[in-house]
Amino acid sequence: MLFSLNILAQETTVSGTVTDIDGVPLPSVNVIEKGTSNGVITDFDGNYEIKVSSNSTLSFSYIGFVSKDAKVDGRTTIDIQLSSDQEALEEVVVIGYGEARKKEVTSSISTVDGDDLEKITTGNAAEGLQGRASGVQVISQGGAPGAAPEILIRGITSFNNDKSPLIVVDGVMLPSGTNLNFLNPRDIKDFQILKDASAAAIYGSRASNGVILITTKRGKIGKALFTLDVSSGVSNINKIDLADSQEYARVINERNINEGQDIKFSEEEISEFGEGTNWQDEVLSDFALVQNYNLGISGGGKDIKYLASVGYFEEQSHFEKGYRKKITGRFNLDFQISDKIKLKQDISPRYERWEDTPNIFYNTLRIEPTTDVYIPIEERAGRNEFSIFGRSGIGVPNPVASVSRVFGGINYFGLFTNTQLNYTPFEWLDLQSQFGFNFDSSRRDDFNPEFFIHPNEQNLINNVSRRINNNRDWVWNNTATYKNKFGEHDITFTAGLIIDEQRFNYVSAYREDVPGQSEELRYIDAATGENMSVGGNESVRTMFSYLGRLMYNYKDKYFLTAAVRRDASSVFPEENKWGTFPSVSVGWSLADESFFDFDFINAFQIKAGYGQLGNQNINPASRFFGIGDSNYAFGGERVVTNTLNRFGNVDLKWETVEDINVGIEGALFDNRLTFSIERYQRTSKDLLFQVEPPNYTGIPGTIAQNVGSMESKGWDLSFGFSDTKNKFTYSINTNISANESRLQEIAPGIEELFGQRRSDLGNRYLKISRPGEIAGLFYGYETSGLFQNQTEINSHSSENGALLQPNAVPGDLRFVDKNNDGALNDQDLTIIGNPFPDFTAGLNVDFSYGSWDLTMQWYGVFGNDIINYTNLFAYSAINEVNVRAGALDRVWRPDNPGADFPRLSSLDRNQNYQRPSDLLVEDGSFVRLKNLQLGYNIPLEGINKMRISLSAQNLFTITDYSGFDPEVSAGGDVINGYGVDYANYPLTRTFLVGLNFSL
């Protein structure tokens, strides 16, 4: 008997290869010794090796394939073929408070796999979404370290500043305006993007801008799997060719000559200039460090599964100052307490350190190359380190000096926890309670040193400031889900109760006159000046919600989903605090009908949906009247009084978005070709809008009101093709999105809304929004070329012969009298461009052959315009600022009549460069290779995966745009900021070496 027991306990080593029915190796197949937690996964070539009991059973499982068991029976080699499981191949998607087979989803949801993010090195997961999902526009905010892209889902339906979608991580809603900087992209399993109201209405008032559901990775049954991902490299910044000192001097001379003035520089002076100062080279390094490290371990048994990961990301700016460093951790645990009870506990801490990146590109382009970086050594006596810089003769701040005075940064700590308890008393009922808590605290420190360069460029008393922000929010989700099947009827019903609270507070302090400039003394307590200030406040918003959703499936070909959510928000008055947001959608799987019998069609579905969403993104205090302090001098003494500083609106109510979506989707040729085509229309009403009351009312500031409406409509198209031929596997996926967002109605008495006011253009605006038109169009004077002679100037006149441009001379711009009233004035301002594209497109290509793989990610924007504000001086030398290299060949002269830009002029009597006009507008279309990566898997015995890669991000851009980068935004609100280029930090080209290792 003892002998028999000993035989049973003997171990043997089993190895083999797992393939599909065509003999193609399957990597990452789970190979588990049944009834134990002992397991491995197959390597890239489908090979495995595992030590098991000689009489055990091995279980082989892989997503999309039928699982298979094999008895060992003393064998040492077991090769397995897995066959496709058509039902398993049907993708399961997260739909908000639940999940469903993709076939059952009748709304508009796009999926982006987390594996796609692993092919790009970035500190913000949103960059990996660009070009990967139709209807999703990722707007770059530049290439400065930590710059967070803005995400738009199906256009714009609100004038609120916050147009970002709701972010939900593992079922927990995060505060409005949350960007994806806080997440480690390597921790993400997938994104589900809810694009229409029938999908997003389950999130009610939080979902008016769409919803992004993020599922993080979790542990799997099997032995411990160790992973290490490393990528390191450099980013390279684009520079613009500017005139050197000699070319600059000749431009200034011609400018004066054209006005009959004396030249400024003699030929002798010009010959002695040389190239002068290259300001871009002085402040910008060609390369900056980028590095990313991620270490993880995961595994577990049937009762406990775990995943732990730690990541470090760093990116340096191309200036002497500026960086972002981020450390993230994620610890996910899954407990199977009993057959009916499961518990999940996630903890995710994060720490970031930011050093401010200078924003001086605009001045770097403008300052003249004849200015020296530093004053002579003999003139530096008695000056501190911030006062030794050369002074521009035209008043442009010295960029090198500006960089030296940047002393600001942020220390940030955050913690996210998620506890989820599931109780399944019956097979058809699941009860879930989930509590998510998110906390972050940031401390911002600034120091402005004492310096003197010129009476107009000085700070004679240094100052120090600090601000501490604390954000705390929690969400408590409680849901019950009933699932049952009665014959050919399949029903899933979910009901829930949700409570969440967001709390924000800050405290700030400022004081002048720190003794000395040393870093050790840059504290509030060290300052001794009498000029000081303190501040602090707190805001809270809470919400209580009920929700319900019914999903009905008949014969697995007729589908219905209906949902409703009731939200009560503390933002609104008692009588208006409740909002109801219903939705309904239907689907019909034609491919399952007997009359729709086509061998090459594997799936074909029609779907349509309608729903309502809410918006409450306003100041929580908007319904209250506010009292503030005012200071007056009375009798020679300071008197503090209390005055009304905010006028509340006790009638505020929800902003509502109504959404209609119709579409078709399908799969052809053994699921190799997939497609999806959708048409949508979103209409918002009762816009939450800040309205400025008439001056005669005496009401200060603006009042929040429900006025106006917007409409966003468009198309989303997606196509994909994938196939495998022996060892060659490839997939090609493309998506195209077209959107048009129009302002339908605004507040009574207001005919138009403006943005981007510019004092150097006569206090005129660059942007306008009017009812019936696309919101945020460019606004200015239309031109019709350059005057070539006096005859053309004379003919540009009114009906009575008065010259429209009496100060014009040949070479000046011809402005169009749009209203034909015989006068050129602000009544002639008109639409001169559209910053929003006709359509955007993404193309994602993946190839693999044997151990090699190649990935390409393309992104394109087509039909949009950009206001290149640098054109105001790039070819004009207005105020004697520097110009682009070759400017003399681009400006009008008698021997260059076909020039693009007006003649050089020191007086600009025609106001060529003092009015907003289409001279500033350029075609902003571009196609960019976002990511190119070549990888090789090194087969090593005992190593699960060893892959090395070479990557190039933003490798090249095809565009006619003349600025630093065609992906531009002036920041702030999308409507008024998008498409305006003030020469901010551009996107950079990045080259990386990577290593992916698992054991």
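Because the structure is predicted, anything quoted here is derived from the model rather than measured.

## Examining the pattern of salt bridges
Thought 1: Summed over the entire model, instances satisfying the criterion amount to 59 salt bridges.
Thought 2: Across the pair Asp846 and Lys119 runs a salt bridge, and its minimum N-O distance is 2.7 Å. Note that Asp846 is positioned in strand β47 (residues 839-849) and Lys119 in the loop between α3 (114-117) and α4 (126-129), a separation of 727 residues in sequence. Each member of the pair, Asp846 as well as Lys119, is classed as buried.
Thought 3: Across the salt bridge formed by Lys607 and Glu665, the nearest N and O atoms sit 3.4 Å from each other.

## Some thoughts on the confidence of the model for the protein chain
Thought 1: A residue-level look at the protein chain finds 97% of positions with pLDDT of 70 or above and a mean pLDDT of 91.
Thought 2: Long-range and interchain partners of residues 1-9, a stretch whose pLDDT sits below 50, account for three contacts in this model, where long-range means more than four residues apart.

## Some words on the pairing of strand β5 (residues 57-61)
Thought 1: Bridge count for strand β2 (residues 30-33) against β5 is four bridges, and the pairing is antiparallel. From the neighbouring strand, Ile32 faces β5, where its bridge partner is Ser59.
Thought 2: Judged from the four bridges that link them, β5 and strand β6 (residues 68-71) form a sheet pairing that is antiparallel. Its bridge partner being in β6, Leu58 is matched across the sheet by Ala70.
Thought 3: From the end of β5 to the start of β6, which pair antiparallel, there are six residues, and Gly64 there has a positive phi angle of about 90°.

## Observations regarding the packing of aromatic side chains
Thought 1: A complete count under the given rule lists 40 aromatic pairs for this structure.
Thought 2: Seen from their ring centres, Phe361 and Tyr985 are 5.2 Å apart, and the 70° between their planes marks the pair as edge-to-face. In this pair, Phe361 is assigned in helix α9 (residues 361-366) and Tyr985 in the loop between β54 (980-981) and β55 (989-998), connecting sequence segments 624 residues apart. Note on accessibility: Phe361 and Tyr985 belong to one class, buried.
Thought 3: An aromatic cluster is built from Phe596, Phe598, Phe600, Phe604, Phe669 and Phe675, whose rings are joined through pairwise contacts.

## Details of empty space enclosed by the protein
Thought 1: With the rule as written, the count across this model stands at eleven cavities of 30 Å³ or more.
Thought 2: Of the voids in this model, the largest cavity is the one considered here, and its volume is about 350 Å³.
Thought 3: As for the largest cavity, its lining consists of 28 residues, and the residues nearest its centre are Glu127, Gly143, Glu315, Thr988 and Thr990.
Thought 4: The element contributing the most residues to the lining of the largest cavity is strand β19 (residues 304-316), with three residues.

## A look at the environment of Arg132
Thought 1: By secondary structure assignment, the location of Arg132 is in the loop between α4 and β11 (136-139).
Thought 2: Residue Arg132 is classed as buried on the basis of its relative accessible area, which comes to 13%.
Thought 3: The spatial distance from the C-alpha of Arg132 to the C-alpha of Thr111 is 8.8 Å, given a sequence separation of 21 residues.
Thought 4: Beyond its immediate sequence surroundings of up to four residues, Arg132 is in contact with Val112, Asp116, Asn735, Asn844 and Gln857.
Thought 5: From its side chain, Arg132 meets the backbone oxygen of Gly128 in a polar contact 3.4 Å long.

## A few points about a nonpolar patch on the surface
Thought 1: A surface patch of nonpolar side chains, about 500 Å² in accessible area, is lined by Val310, Ile327, Phe331, Ile347, Tyr351 and Phe413.
Thought 2: Among the secondary structure elements, those contributing two or more residues to the nonpolar patch are β20 (323-336) and β21 (341-355).
Thought 3: Here Ile327 lies in strand β20.
Thought 4: Using a relative accessible area of 41% as the deciding quantity, one classes Ile327 as partly exposed.

## Examining the environment of Arg511
Thought 1: Considering the arrangement of structural elements, one finds Arg511 in strand β27 (residues 489-512).
Thought 2: Each C-alpha atom, one on Arg511 and one on Asn531, is 6.0 Å from the other, the two residues being 20 residues apart in sequence.
Thought 3: A distance of 2.8 Å separates the side chain of Arg511 from the backbone oxygen of Gly529, its partner in a polar contact.

## What to know about unusual backbone geometry
Thought 1: In this model, Asp670 sits at a positive phi of 55°, which is unusual for a non-glycine residue.
Thought 2: One can find Asp670 in the loop between β34 (655-668) and β35 (673-685).
Thought 3: Look at Asp670 and you get exposed, because its relative accessible area is 56%.
Thought 4: Look at Ala983: it is not a glycine, yet its phi comes out positive at around 65°.
Thought 5: Note on placement: Ala983 falls in the loop between β54 and β55.

Calculation criteria
Residues numbered from 1 in each chain as written. Predicted model: local features only at pLDDT ≥ 70, side-chain atom pairs only at ≥ 80, totals over all residues. Heavy atoms only, no water. Salt bridge = Lys/Arg side-chain N within 4 Å of Asp/Glu carboxyl O. Helix = DSSP H or I, 4+ residues; strand = E, 2+ residues; numbered from the N terminus. Buried < 20%, exposed > 50% of the residue type's maximum accessible area, 1.4 Å probe, protein only. pLDDT = per-residue confidence, 0-100. Contact = heavy atoms within 4.5 Å. Pairing = 2+ DSSP bridges. Phe/Tyr/Trp six-rings, centres within 6.5 Å; stacked < 30°, edge-to-face > 60°. 1 Å grid on protein atoms, 1.4 Å probe; cavity = no way out; pocket = protein on both sides within 12 Å on 5 of 7 lines; lining within 4 Å. Points joined across faces, edges and corners; volume = space filled by probe spheres on them. Polar contact = N/O pair within 3.5 Å; in protein donor to acceptor, adjacent residues only side chain to side chain. Patch = residues over 30% accessible without salt bridge, like charges linked within 9 Å, V, L, I, M, F, W, Y side chains within 5 Å. Areas by Shrake-Rupley, 256 points an atom, 1.4 Å probe, with all protein chains shown as cover.

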